[in-house]
Structure formats: C-alpha cells, structure tokens
Amino acid sequence: MARKQNSPPRLPDWRDRISINPRVCHGKPCIRGTRIMVTIILDYLRAGESGEEIIFQYPTLKPKDIQAAMGYAAWLAHEEDQHPLHTEVTA
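Keep in mind that what you see is a predicted model, and the values were worked out from it rather than measured.

Enquirer: If you had to explain the nonpolar core to someone new, which residues and values would you point to?
Expert: Among soluble globular proteins, nonpolar side chains are generally buried collectively. Among the nonpolar cores identified, the biggest contains 12 residues, and these are Trp-14, Ile-18, Ile-31, Ile-36, Val-38, Ile-41, Ile-54, Leu-61, Ile-66, Ala-68, Ala-69 and Tyr-72. Of all elements in the fold, only helix H1 (38-46) and helix H3 (63-82) reach the threshold of two or more residues within this core. Top contributing element to this core by residue count: H3, with 4 residues.

Put into structure tokens, the structure is as follows:
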C-alpha cells in the first residue's frame, strides 16, 4: 500500500519504547526497562549531541530509543496544540 504523497513516513510508535510508571523516576517518561528519562535524551539532542554520542554515554540505549524520545516530544507538542497545558505565549 502506497502512502499518501504529503504524509510523513511511518515511524515506530513511541509507546513501544517509553513507559510512564509512578514508581519509576517519579512517573517521568523513561525508556522502557531503564531509568533513563526521555528528558535526558532530549537535553542531549538540544545541546547538539549526536545519537551516537548519547548511546556512548548510555550504552543500554538503542537508536530506536532516541527516535522514540523525539516521537514522544512531537506527540506532546501536538497535544499542546489541541489541549493547551500551562504555557502561554504573549505578544
């Protein structure tokens, strides 16, 4: 089945690799089976680090974990559009 012309490629669902458990890291989203919080991965990426460097620092991570962290961040951004959380933009 061909994908629609303007639709993005199908990426693995972040829910397969990220868990949220109130008993692990105070309920912060983590890579499943670890205590590596998604925010740590996103902070590394924001600082300009490569996926290879993140995996070097956290050898239990896989490239799909980094993709899942980015997917989770994108999902949150879309959720913010639909259901504004606590952010406000002033002109």
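Enquirer: With reference to specific residues and values, describe the state of the cysteines.
Expert: Any covalent bond linking the sulfur atoms of two cysteines counts as a disulfide. Throughout the structure, instances matching the rule amount to 0 disulfides. No disulfide involves Cys-25; its sulfur sits 3.7 Å from that of Cys-30, the nearest cysteine. Of the residues examined, Cys-25 reaches a relative accessible area of 18% and is grouped as buried. Owing to a relative accessible area of 1%, Cys-30 belongs among the buried residues under this scheme.

Enquirer: I'd love a proper account of the pattern of salt bridges, names of residues and values included.
Expert: Taken as a whole and assessed by the stated rule, the structure comprises 3 salt bridges. Where Arg-15 meets Asp-13, a salt bridge forms, and the shortest distance between an N and an O atom there is 3.0 Å. For Asp-65, the salt bridge goes to Arg-17, with nearest N and O atoms at 2.6 Å. Note that Asp-65 is positioned in helix H3 and Arg-17 in the segment before strand S1 (18-19), a separation of 48 residues in sequence.

Enquirer: Give me unusual backbone geometry: which residues, what numbers.
Expert: One non-glycine residue, Cys-25, lies in the positive phi region at around 50 degrees. Position of Cys-25 among the secondary structure elements: in the loop between S1 and strand S2 (30-31).

Thresholds, definitions, all that
Residues numbered from 1 in each chain as written. Predicted model: local features only at pLDDT ≥ 70, side-chain atom pairs only at ≥ 80, totals over all residues. Heavy atoms only, no water. Core = buried A, V, L, I, M, F, W, Y, C linked by side-chain atoms within 4.5 Å. Buried < 20%, exposed > 50% of the residue type's maximum accessible area, 1.4 Å probe, protein only. Helix = DSSP H or I, 4+ residues; strand = E, 2+ residues; numbered from the N terminus. Disulfide = S-S within 2.5 Å. Salt bridge = Lys/Arg side-chain N within 4 Å of Asp/Glu carboxyl O.

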